[in-house]
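What the coordinates show
Residues per chain, in single letters:
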Amino acid sequence: MGYEVQTKQNDGDVQLFLQSFKDEARYPDLLEILEVMQTVSGCTPKMWGKDIVGFDSYHYKGKSTEGEWFCIGFSPRKQNISLYIISGFEKEKDLMGRLGKYKKSKSSLYQF
């Protein structure tokens, strides 16, 4: 039997989750990201796991896992805000150059 993915869509309250960051300087950024992703995706935000806000979903099948995953999303991590987007964003060099300081992985973008 393969590995079971722990991060799954759930019925958590997105607004309540984001309210927990209300006293932080990045709170307005979180609300802006929420609005932009909701507008771009046309989907209602859902909680994925305990700390990821995701929009829409798709079915995937990997070598050792299979399941559902969000198409785009974000998470207020301890040091930064992580944006999760469909891989291929590295091709948008002009747009990426406007972000300022960032690092990326296969499908995650971290802005400093």
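Keep in mind it's a predicted model, so treat the numbers as computed, not measured. (Residues numbered from 1 in each chain as written. Predicted model: local features only at pLDDT ≥ 70, side-chain atom pairs only at ≥ 80, totals over all residues. Heavy atoms only, no water.)

Some points on the overall build of the protein
Note the following rule: Each helix is a run of DSSP H or I of at least 4 residues and each strand a run of E of at least 2, with the numbering of both proceeding from the N terminus. Only protein chains enter the accessibility calculation, which uses a 1.4 Å probe; a residue is then buried when its area is under 20% of its type maximum, exposed when over 50%, and partly exposed in between. Whether two residues are in contact is decided by their heavy atoms, any of which lying within 4.5 Å being enough. Reported accessibility uses the Shrake-Rupley method at a 1.4 Å probe radius. Residues are deemed covered only where the shown protein chains occlude them.
In terms of regular secondary structure, the protein is built from 3 helices and 9 strands. Buried positions account for 33% of the 112 residues belonging to the protein. Across the protein, every contact between residues at least 6 apart in sequence was considered, and the portion connecting residues at least 24 apart equals 38%. A total of about 7,800 Å² of accessible surface is found on the protein, and carbon and sulfur atoms cover 51% of it.

With respect to unusual backbone geometry
Even without a glycine there, the phi angle at D56 is positive, about 60 degrees. What makes D56 partly exposed here is its relative accessible area of 43%.

Here's the deal with the pattern of salt bridges
If the charged atoms of two oppositely charged side chains come close together, the side chains can form a pair. Just so we agree on the cut-off: A pair is scored as a salt bridge if a Lys or Arg side-chain nitrogen falls within 4 Å of a carboxyl oxygen belonging to Asp or Glu.
Taken as a whole and judged by the stated rule, the model has 2 salt bridges. As a salt-bridge pair, E24 and R26 come within 2.6 Å of each other at their nearest N and O atoms. The partly exposed category is assigned to E24, whose relative accessible area is 33%. Between R77 and D51 there is a salt bridge, with its nearest N and O atoms 2.9 Å apart.

Focus: helix α2 (residues 27–41)
In an α-helix, one turn spans 3.6 residues; hence positions three or four apart end up facing the same way. The test is simple: To estimate the expected span of a helix, count its residues, drop one, and scale the result by 1.5 Å. What the arc measures is the spread of directions leading from the helix axis to the C-beta atoms.
Here α2 is 15 residues long and its end C-alpha atoms lie 21 Å apart, about the 21 Å a rise of 1.5 Å per residue gives. Every buried residue of α2 is listed here: Y27, L30, I33, L34 and M37. Buried residues of α2, viewed axially, fall in a sector of 115 degrees; they line one side. Away from its buried face, by an angle of more than 90 degrees, α2 presents the exposed residues E35, T39 and V40. In this structure, the buried residues of α2 make contact with α1 (14–19), β2 (45–48), β3 (52–55), β6 (72–76) and β7 (81–84). Remark: G42 follows α2 within two positions and exhibits a positive phi of approximately 70 degrees.

Considering the pairing of strand β5 (residues 66–69)
This is how the line gets drawn: In this analysis, strands are considered paired if DSSP registers two or more bridges between them.
Examined bridge by bridge, strand β4 (residues 58–61) and β5 share 4 bridges and lie antiparallel to one another. Looking across to β5, one finds that Y58 is bridged to W69. What sits between the antiparallel neighbours β4 and β5 is a turn of 4 residues.

Considering the nonpolar core
Going by this rule: Buried Ala, Val, Leu, Ile, Met, Phe, Trp, Tyr and Cys residues form a nonpolar core when they are joined through side-chain atoms within 4.5 Å.
In this structure, L18, L34, V53, F55 and F74 are the most contacted members of the largest nonpolar core, which totals 16 residues. For this core, the elements supplying multiple residues, two or more each, are α1, α2, β3 and β6. Broken down by element, this core gets its largest block of residues, 5 residues, from α2. With sequence-adjacent residues up to four places away left out, F55 is seen in contact with L34, M37, Q38, S41, C43, T44, P45, F70, C71, I72, G73 and F74.

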